[in-house]
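Descriptive analysis of the structure
Here is how the chains run, residue by residue.
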Amino acid sequence: MAENVKIIAVNRKARRDYSVDDTYECGIELLGTEVKSFRDGKISFPDAWAEVVSGEVWLRSLSVAENPFSSVFNHDPDRKKRLLLHRDEIKRIHRKVEEKGFTLIPLSFYFKKGRVKVELGLCKGKKSYDKRADIRERDLNREMEREFRNRE
């Protein structure tokens, strides 16, 4: 990522459970009290996902904690949030999700130039044997790097 980027949260589970095919950077439509909660890092998204509904992308199951300092004008913590993408990107995403069985998973949230951005991944679920193969490959790479360091 570029400079002036402050990472809020990363979904580590997503890369383990899904194979990420494509990623998109998109804005997110938030209320004022939600932005304050994002700044404090009080978000939870272990099971969050996105869907395309009538030409718009909506983020579901993202829980943004209420801000304790805004009394009456607080937001609903579990409301669905609209993601801001170009129309061409939405059409491309919609085609892939409908045809090939992909899922839209938020991979990370960050501030870029003072605005909250979401890295949205076009993902396909991994089977348990795929996960084991990834672990095996990671271990082999680690051992090869150890061998190279020991030779020098």
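Residues numbered from 1 in each chain as written. Predicted model: local features only at pLDDT ≥ 70, side-chain atom pairs only at ≥ 80, totals over all residues. Heavy atoms only, no water.

**Quick notes on the packing of aromatic side chains**
Per the stated rule, a full pass over the model turns up one aromatic pair. The interplanar angle of 55 degrees and the centroid separation of 5.7 Å between the aromatic rings of Phe38 and Phe109 together place this pair among those described as tilted. Here Phe109 lies in strand E8 (residues 103-112) and Phe38 lies in helix H2 (residues 32-40), a separation of 71 residues in the sequence. One residue, Lys80, lies across the ring of Trp58, its end atom 4.7 Å from the ring centre. The lysine or arginine in question, Lys124, covers the ring of Phe102, its NZ or CZ lying 4.9 Å from the ring centre. (Phe/Tyr/Trp six-rings, centres within 6.5 Å; stacked < 30°, edge-to-face > 60°. Helix = DSSP H or I, 4+ residues; strand = E, 2+ residues; numbered from the N terminus. Lys NZ or Arg CZ within 6 Å of the ring centre and 35° of its normal.)

**Examining unusual backbone geometry**
Backbone geometry at Ser54 places phi at a positive 45 degrees, although glycine is not the residue there. Along the chain, Ser54 turns up in the loop between strand E4 (49-53) and strand E5 (56-60). Assessed through its relative accessible area of 70%, Ser54 is described here as exposed. (Buried < 20%, exposed > 50% of the residue type's maximum accessible area, 1.4 Å probe, protein only.)

**Digging into the pattern of salt bridges**
A full pass over the atoms with the stated rule returns six salt bridges. As a salt-bridge pair, Arg60 and Glu51 come within 2.8 Å of each other at their nearest N and O atoms. Among the ionic pairs, Asp139 bridges to Arg142, the shortest N-O distance being 3.1 Å. With a gap of three residues between them, Asp139 and Arg142 both fall in helix H4 (residues 128-151), about one helical turn apart. Take Asp139: its relative accessible area is 35%, and that puts it in the partly exposed class. Exposure remark for Arg142: the relative accessible area of 39% places this residue in the partly exposed category. Within this structure, Glu29, Glu56 and Arg82 form a network of salt bridges that share partners. (Salt bridge = Lys/Arg side-chain N within 4 Å of Asp/Glu carboxyl O.)

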